[in-house]
Amino acid sequence: MRSHFVFCVFVAALCATSATSAASCARPDERHLVLQGQILSITPNHHEATIKHEDIQGLMPAMTMPYRVRDPKLLDGLASGDLIKARLVLVSNDAYLDQVLKTGQAPLEAPPAETPSASSGFELISPGQRVPDVTLVDQDGRKREFDSFRGRAVVLTFIYTRCPMPTFCPLMDRNFAAVQKKLKEDPSLAAAQKGVQLVSVSFDPLTDTPPVLKQHAATLGADPKTWTFLTGDRDEVDKFAARFGVSVARLTTDARDITHNLRTAIIDPAGRLVKVYTGNEWTPDQLLADLK
Ligand SMILES: [Cu+2]
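Predicted model, so just to flag it, every value in this text is computed and none were measured.

Details of the environment of Leu-78
So, point 1. With respect to the helices, strands and loops of the structure, Leu-78 is situated in the loop between β3 (63-68) and β4 (82-91).
So, point 2. Filtering out sequence-adjacent residues up to four positions away, Leu-78 remains in contact with Ile-39, Ile-42, Ile-84, Val-100 and Lys-102.

And the structure:
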């Protein structure tokens, strides 16, 4: 026992003194994967880069996604167009890149020119505007009109249960679970609880059938009175999601390989859009403050 303790302290000291030894100090639940691709953009603070990358063996197919780096210095000297090889670290609820290495450079592909026309039905809803109705299916296989949530404030997000990135869909699930918990525990929110509905819509109806969603909801401890899971016809879901700024791309060879962004919306009891959060940069507390 004691020698084990000493060993741990020794390893911890090594980890603290040398970043390069981090590989030998991996936490037991830590996974390391190789990411190879091209940098499309870097945030001004160098915390995140959007990377168009190849298949990540054992995790996900080729896609374009933002990645956080462990240390902003890792992106110093890099620019859009650079080809890189990096280590993707997945650890419990987090994911980040370290060991970023420039391997070359290539011209950036021109972005696709298609912009949805004003009458496509896919245009963004602005705050204050009515959210369009859509008929979806809930975790019990029941048809559910989105308008049936009128009378309660709705917090809406879009996910799919097989999402492999802990900082994406699983984070939305964890945040919703935290919001549900706070609504129940905080007496000042108790009244609000009855007036709030959490809704997670899956854009992967092929996998996320009602029984799968029901199981997923149970795993998360979702109270069906407060938190509903929906899915539906794929095109209907895509169109509805697009109104909030969600874009979903599926591989033509396998529609279950999904590239997507994140949007979470607050809708008032009258069915009007209040606010949309972009990406994974919101917290349960922030959301609860906005709900109040
Ligand atoms: Cu996801």
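Looking at the nonpolar core
So, point 1. Within the largest apolar cluster, 69 residues are counted, with the highest numbers of intra-cluster contacts made by Tyr-67, Phe-146, Leu-156 and Phe-244.
So, point 2. Counting residues per element, this core draws most heavily on helix α2 (residues 169-185), which supplies six residues.

Comments concerning the sheet that holds strand β9 (residues 196-202)
So, point 1. On the basis of which strands lie adjacent, the open sheet formed by seven strands has the order β7-β6-β10-β9-β8-β13-β14 and mixed pairing. Whereas interior strands pair on both sides, the edge strands pair on one side only; in this sheet they are β7 (143-145) and β14 (273-278). Across the sheet, the axes of successive neighbouring strands diverge by a mean angle of 30°, strand direction being ignored.
So, point 2. In terms of strand pairing, strand β8 (residues 153-159) meets strand β13 (residues 263-267) through four bridges, oriented antiparallel.

A closer look at the coordination of the copper ion
So, point 1. Those protein atoms acting as donors to the copper ion are Cys-163 (SG), Cys-169 (SG) and His-260 (NE2), and they sit at 2.0 to 2.3 Å.
So, point 2. Taken in chain order, the donor set of the copper ion reads C-x5-C-x90-H.

Thoughts on the pattern of salt bridges
So, point 1. A complete count under the given rule lists 13 salt bridges for this structure.
So, point 2. Put simply, Lys-182 and Asp-285 hold a salt bridge, and the shortest N to O gap is 2.8 Å. Separated by 103 residues along the polypeptide, Lys-182 in helix α2 and Asp-285 in helix α6 (residues 284-291) bring together distant segments of the chain.
So, point 3. Judged by relative accessible area, Lys-182 falls into the partly exposed class, the value being 31%.
So, point 4. Relative accessible area serves as the criterion here: at 47%, Asp-285 is assigned to the partly exposed category.
So, point 5. Between Lys-275 and Asp-290 there is a salt bridge, with its nearest N and O atoms 3.0 Å apart. One end of the pair, Lys-275, is in strand β14; the other, Asp-290, is in helix α6, and 15 residues separate them in sequence.
So, point 6. Here Lys-275 falls in the partly exposed class, since its relative accessible area comes to 30%.
So, point 7. When its relative accessible area of 34% is taken as the criterion, Asp-290 is described as partly exposed.
So, point 8. In the salt-bridge network here, residues are joined through shared partners; they are Asp-138, Asp-140, Arg-142 and Lys-214.

Here we look at the sheet that holds strand β5 (residues 94-105)
So, point 1. The five strands lie next to each other as β3-β2-β1-β4-β5, forming an open sheet whose pairing is antiparallel. The outermost strands of the open sheet, each flanked by one partner alone, are β3 and β5. The mean inter-strand angle of the sheet, taken between neighbouring strand axes irrespective of direction, is 40°.
So, point 2. In the sheet, strand β1 (residues 31-42) pairs with strand β2 (residues 48-53) via five bridges, with the strands oriented antiparallel. By the bridge assignment, Ser-41 is partnered in β2 with Thr-50.

A word on the pairing of strand β10 (residues 227-231)
So, point 1. Of all five residues in β10, five are buried; the element is thus mostly enclosed.
So, point 2. Side chains Trp-227, Phe-229 and Thr-231 project from β10 onto one buried face, and the interleaved Thr-228 and Leu-230 project onto a second face that is buried too.
So, point 3. Of the pairings in the sheet, the one linking strand β6 (residues 135-138) to β10 comprises two bridges and is antiparallel in character. Within β10, the position partnered with Val-137 by the bridge is Thr-231.
So, point 4. Bridging between β9 and β10 involves four bridges; their strand directions are parallel. Paired with Leu-198 across the two strands is Trp-227, which belongs to β10.
So, point 5. Regarding topology, helix α4 (residues 210-220) serves as the crossover connection from β9 to the parallel β10, and that connection is right-handed.

What to know about the environment of Asp-138
So, point 1. Summarising the element assignment, Asp-138 is placed in strand β6.
So, point 2. Overall, the relative accessible area of 0% leaves Asp-138 in the buried class.
So, point 3. Between the alpha carbons of Asp-138 and Phe-229 there is a distance of 5.6 Å; along the sequence they are 91 residues apart.
So, point 4. Here Asp-138 is in contact with Arg-144, Pro-210, Thr-228, Phe-229 and Leu-230, once residues within four sequence places are set aside.

Conventions we followed
- Residues numbered from 1 in each chain as written.
- Predicted model: local features only at pLDDT ≥ 70, side-chain atom pairs only at ≥ 80, totals over all residues.
- Heavy atoms only, no water.
- Helix = DSSP H or I, 4+ residues; strand = E, 2+ residues; numbered from the N terminus.
- Contact = heavy atoms within 4.5 Å.
- Core = buried A, V, L, I, M, F, W, Y, C linked by side-chain atoms within 4.5 Å.
- Buried < 20%, exposed > 50% of the residue type's maximum accessible area, 1.4 Å probe, protein only.
- Pairing = 2+ DSSP bridges.
- Axes fitted to C-alpha atoms, helices over the stretch in contact; angles between N-to-C directions.
- Donors = N, O, S within 2.8 Å, 3.2 Å for Na, K, Ca; no water.
- Salt bridge = Lys/Arg side-chain N within 4 Å of Asp/Glu carboxyl O.
- Right-handed = clockwise from strand over helix to strand, strands pointing away.

Limitation: the analysis is restricted to geometry and does not speak to function.
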